[in-house]
Amino acid sequence: MPTSIDVPFLITHRGGAGHGPENTLAAIRIAKEKSAQWIEFDVQLTQDGYPVLFHDAMLDRTTTGSGRLSDHTLAELKELDAGKYFSEAFAGEQIPTLEEAIKLCAELELGMNIEFKHSEERGQALVAETLKLVAKNWPDHLTPPLYSSYEFSTLAHLRKMDDHVFIGFLVADWEAQYLAMAKALNCYSVHLPISQITDHGVKFIQSAGYKVLTFTINDVDLADKLLKLGVDSIFSDISDLL
Ligand code: G3P
Ligand code: MG
């Protein structure tokens, strides 16, 4: 395992939500065609314990299903259409398993930021399953994944399970105490919404030894400003924004 990783300035957000249905294999394939180097996607557990790519807690916005994803088995979720909400051209697209996504990213040589979602109650199982799937499917010659989450306990469990993984501390708003928490997790990076980015803040976090990543940037002028400000990476729904 390398002791440091090289993350590009632009990371494609939610599998490429700007050019396909978010968190799907179809979007990831298009992202690659549009010159993506790294992909961020959201992962949560099905009722029967499989990690799948999905953002919301509820199925309603992006699929033909309804209710909580975590109340459904993988077999039930595979029956749903996760493409149509974006456009008819993607009808039939399924919710991918994490294993399918890891295999596709490995085949396309795309770096991965795996974000653990809605993991408060089953964070340990989500981490354990994810690490197993990465160990089984991710080739040694590719850059190891960056893992992130809003849920501190999930990241703390991840760190307990593996001393060497790269962790991004994901926060909705910045508080001074977060630096000590990022240190306790031996984080690689801090991930902040754009509303939390200031010149001073970026320098402060970087001088403490962390990369600063921000989301979600779909405007080229803003991306340019952030690059000049010294932000390390942006998450964008649009792989070829730059
Ligand atoms: O990890 C950055 C970003 O993905 C966090 O926001 O809600 O799009 O998962 P969200
Ligand atoms: Mg995310």
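Anyway, here's the lowdown on the structure attached to this text.

**A look at the side chain of Lys-78**
Looking at where Lys-78 falls in the secondary structure, it is placed in helix α2 (residues 74–78). Here the side chain of Lys-78 touches Ile-95 through a polar contact of 2.9 Å, landing on its backbone oxygen. The residues touching Lys-78, leaving out its near neighbours within four places in the chain, are Gln-94, Ile-95, Pro-96, Thr-97 and Glu-100.

**So, the pairing of strand β2 (residues 38–45)**
Where burial is concerned, most of β2 is hidden: 8 out of the 8 residues are buried. In β2, alternate side chains face the same way, and those of Trp-38, Glu-40, Asp-42 and Gln-44 on one face and Ile-39, Phe-41, Val-43 and Leu-45 on the other are all buried. Strand direction decides the pairing type here: strand β1 (residues 10–12) and β2, joined by 2 bridges, are parallel. When the bridges of β2 are listed, Thr-12 appears paired with Ile-39. Bridge count between β2 and strand β4 (residues 111–116): 6 bridges; the pairing is parallel. Directly across from Ile-39, in β4, lies its bridge partner Met-112. Bridging between β2 and strand β3 (residues 51–53) involves 3 bridges; their strand directions are antiparallel. Bridged to Gln-44 within β3 is Val-52. Linking β2 to β3, which pair antiparallel, is a turn of 5 residues; within it Gly-49 sits at a positive phi near 90°.

**With respect to the environment of Tyr-188**
Mapped onto the fold, Tyr-188 is located in the loop between α6 (178–184) and β7 (189–193). In the structure, Tyr-188 is positioned 40 residues away from Lys-228 in sequence and 21 Å away in space, judged by C-alpha atoms. What Tyr-188 contacts, discounting residues up to four positions off in sequence, is Ile-5, Val-7, Leu-146, Phe-166, Ile-167, Gly-209, Tyr-210 and Lys-211. A polar side-chain atom of Tyr-188 sits 3.1 Å from the main-chain carbonyl oxygen of Ile-5.

**Re the coordination of the magnesium ion (ligand 2)**
Taken together, Glu-40 (OE), Asp-42 (OD) and Glu-115 (OE) make up the protein donors of the magnesium ion (ligand 2), found 2.0 to 2.2 Å from the metal. Spacing between the donor residues of the magnesium ion (ligand 2) along their common chain follows E-x1-D-x72-E. Of this pair, Asp-42 sits in strand β2 while Glu-115 is found in strand β4, placing the two residues 73 residues apart along the sequence. Glu-115 carries the same exposure label as Asp-42, and that label is buried.

**Concerning the packing of helix α4 (residues 123–137) against helix α5 (residues 152–161)**
It is the contact of α4 with α5, at a shortest axis distance of 9 Å, that shows an interaxial angle of 45°. For the element pair α4 / α5, the angle class is oblique. Seen from above, α4 lies across α5 with right-handed handedness. Across the interface between the two elements, Gly-123, Gln-124, Val-127, Ala-128 and Leu-131 from α4 touch Thr-154, His-157, Leu-158 and Met-161 from α5.

**Some details on the pattern of salt bridges**
Within the structure shown, the criterion is met by 10 salt bridges. A salt bridge links Glu-22 to Arg-14; the nearest nitrogen and oxygen atoms lie 3.2 Å apart. This pair shows no difference in class: Glu-22 is buried, exactly as Arg-14 is. Note that Asp-224 is salt-bridged to Lys-228, the shortest N-O span being 2.7 Å. Separated by 4 residues within a single helix, Asp-224 and Lys-228 lie in helix α8 (residues 220–229), roughly one turn from each other. Looking at Asp-224, the relative accessible area reads 34%, which means it is partly exposed. Its relative accessible area of 67% is what places Lys-228 among the exposed residues. Here the salt bridges do not stand alone but share partners, grouping Arg-14, Glu-22, Asp-56 and Arg-61 into one network.

**Describing the environment of Gly-83**
Residue placement: Gly-83 occurs in the loop between α2 and α3 (98–108). Residue classification places Gly-83 among the buried residues on the basis of a relative accessible area of 0%. Residues within four places of Gly-83 in sequence aside, it is in contact with Pro-21, Phe-90 and Glu-93.

**Focus on the nonpolar core**
Phe-41, Ile-114, Leu-158 and Ile-234 are the most contacted members of the largest nonpolar core, which has 54 residues in total. For this core, the element with the most residues is α3, which contributes 7 residues. Leaving out residues up to four positions away in the same chain, Leu-158 has contacts with Phe-116, Val-127, Leu-131, Tyr-147, Val-165 and Ile-167. Ranked by size, the runner-up nonpolar core spans 11 residues in total, among them Ile-5, Ile-11, Trp-38 and Leu-146.

Calculation criteria
Residues numbered from 1 in each chain as written. Chains lettered and ligands numbered in written order. Predicted model: local features only at pLDDT ≥ 70, side-chain atom pairs only at ≥ 80, totals over all residues. Heavy atoms only, no water. Helix = DSSP H or I, 4+ residues; strand = E, 2+ residues; numbered from the N terminus. Polar contact = N/O pair within 3.5 Å; in protein donor to acceptor, adjacent residues only side chain to side chain. Contact = heavy atoms within 4.5 Å. Buried < 20%, exposed > 50% of the residue type's maximum accessible area, 1.4 Å probe, protein only. Pairing = 2+ DSSP bridges. Donors = N, O, S within 2.8 Å, 3.2 Å for Na, K, Ca; no water. Axes fitted to C-alpha atoms, helices over the stretch in contact; angles between N-to-C directions. Parallel < 35°, antiparallel > 145°, perpendicular 65-115°, else oblique. Left-handed = near helix turned anticlockwise from the far one by under 90°. Salt bridge = Lys/Arg side-chain N within 4 Å of Asp/Glu carboxyl O. Core = buried A, V, L, I, M, F, W, Y, C linked by side-chain atoms within 4.5 Å.

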